[in-house]
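Understanding the architecture of this molecule
Each chain, written out:
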Amino acid sequence: MYNHTILSHTAHRPYPLPKGPWIMKQVWEDLLFAHWRVDEAELLPYIPPGLTLEKWEGHPWISVTPFRVHPLRLRAFPAIPGINHFLELNIRTYVVCNGKPGVFFLNLDASNPLAVAGARTFAHLPYRYAKMQVHSVDNAIHFTSVKTDSYGETIAFKGVYQPLDSSIIQVMPGTQIHWLTERYCLYAADRKAQLYIGEIHHLPWPLQKAKLDIETNTSTVSLGLVHDMNPSHLTYTRHLEVLIWPLKKVRF
């Protein structure tokens, strides 16, 4: 049911495995990382007290990531019908807290309303329901996410992405791609600005070079972010198993 072998591979991690048992396993499939440099002033309003924006060569970055969750399972439980698979599109930036680097999500869209409700309630994450579709033609992934904001405006991401070849990129520590991808915790804040940390574990990202043709991307514009039309870096991952630990309050 679970592949425990990934717990025996930890040399790639920047810090030790978290204490206590993990509670959830997810498998991420057909995942694209699209990375853009953005302006610090546009990001700071989203960053709660206690977190500091991390920068690469003086500039903060965001990543837009469409993928499938298939499956999602809680530890020691069988798959729960209705929430064990869905599509997701997230927008994240890079932060540090108490000297520990991680990610902070500006937005998360998911195609499953039950998964959205659970994540908003128990994980303090800014999930929103969106109508999503994905289908593959040869090696190309056609991904669409559409939602309506509180003002009735449509926010959408529509694009086609695919790996350029089958080879896995050797990503070395100290490179920007490593800095952007090899993150093993997330931070979240509740309505009272209490910070939480969520730890994860997986093997090193099996990244492939990728290409992306964007038809529509108002997902970042809706957040007030301005960036180049095309991302600076693109990678694709076919399959990654991820273990997730329960959120804990951040102590200073």
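Scroll up for the structure.
Now for a description of the structure that goes with this document. Throughout, residues of each chain are indexed from 1 in the direction in which the sequence is written. Confidence filtering applies because this is a predicted model: local features only for residues at pLDDT of at least 70, side-chain atom pairs given and counted only at 80 or more, and all residues used for totals across whole chains, interfaces and linings. Side-chain numbers come from the whole structure's heavy atoms, not from hydrogens or water.

Brief notes about the overall build of the protein
Here is the rule we go by: What counts as a helix is a DSSP run of H or I of at least four residues, what counts as a strand is a run of E of at least two, and both are numbered from the N terminus. Atoms counted for the radius of gyration: C-alpha only. Globule rule: 2.2 Å times the number of residues to the power 0.38. Relative accessibility decides the category of a residue: with a 1.4 Å probe and only protein chains considered, values under 20% of the type maximum give buried, values over 50% give exposed, and everything between is partly exposed. In what follows, residue pairs with any heavy atoms lying within 4.5 Å of each other are defined as contacts. Per-residue accessibility takes into account occlusion by the displayed protein chains alone, with areas from the Shrake-Rupley method and a 1.4 Å probe. Charge counting treats Lys and Arg as positive and Asp and Glu as negative, with His and both chain ends excluded. Taken as the charge location is NZ of Lys, CZ of Arg, CG of Asp or CD of Glu.
Summing up its helical and strand segments, the protein has three helices and 14 strands in all. Compactness check: the protein gives a C-alpha radius of gyration of 17 Å against a globular reference of 18 Å for 252 residues, within 12% of the reference. When the 252 residues of the protein are sorted by exposure, 48% land in the buried category. Partitioning the intrachain contacts of the protein with sequence separation of at least 6 by distance along the chain shows that 69% fall at a separation of at least 24. Roughly 12700 Å² of accessible area belongs to the protein as shown, and the carbon and sulfur atoms make up 56% of that amount. The centroid of the 24 positive side-chain charges in the protein is displaced by 10 Å from the centroid of its 20 negative side-chain charges.

Considering the nonpolar core
Put simply, the rule reads: Throughout this description, the term nonpolar core refers to a set of buried Ala, Val, Leu, Ile, Met, Phe, Trp, Tyr and Cys residues connected via side-chain atoms within 4.5 Å.
In terms of nonpolar packing, the biggest core is built from 35 residues, with Leu 51, Leu 106 and Tyr 187 touching the most fellow members. Of the residues forming this core, the biggest block, five residues, is contributed by strand β4 (residues 86-97). Counting 32 residues, the second-largest nonpolar core is a separate cluster that includes Ala 115, Ile 177, Ile 200 and Val 242.

Observations regarding the pairing of β4
Where we set the bar: Pairing between strands is defined by DSSP: at least two bridges between the two strands are required.
Of all twelve residues in β4, eleven are buried; the element is thus mostly enclosed. Where strand β2 (residues 52-53) and β4 come together, two bridges link them in antiparallel fashion. Residue pairing for β4: Leu 53 is matched across the bridge by Val 95. As judged from the eight bridges shared by strand β3 (residues 61-74) and β4, these two strands associate in the antiparallel manner. Residue pairing for β4: Thr 65 is matched across the bridge by Asn 90. In this sheet, strand β5 (residues 100-110) lies alongside β4 in antiparallel orientation, the contact comprising ten bridges. Bridge pairing links Val 96 to Pro 101 in β5.

Notes on the side chain of Thr 93
Put simply, the test is: Think of a polar contact as two N or O atoms within 3.5 Å of one another; within protein, one of them needs to be a possible hydrogen donor and the other a possible acceptor, and neighboring residues in sequence only count if both atoms come from side chains.
Here Thr 93 is to be found in strand β4. A distance of 2.7 Å separates a polar atom in the side chain of Thr 93 from the backbone oxygen of Trp 61. In this structure, Thr 93 is in contact with Leu 43, Ile 47, Leu 53, Trp 61, Ile 62, Gly 102, Val 103, Phe 104 and Leu 106, ignoring residues within four places of it in sequence.

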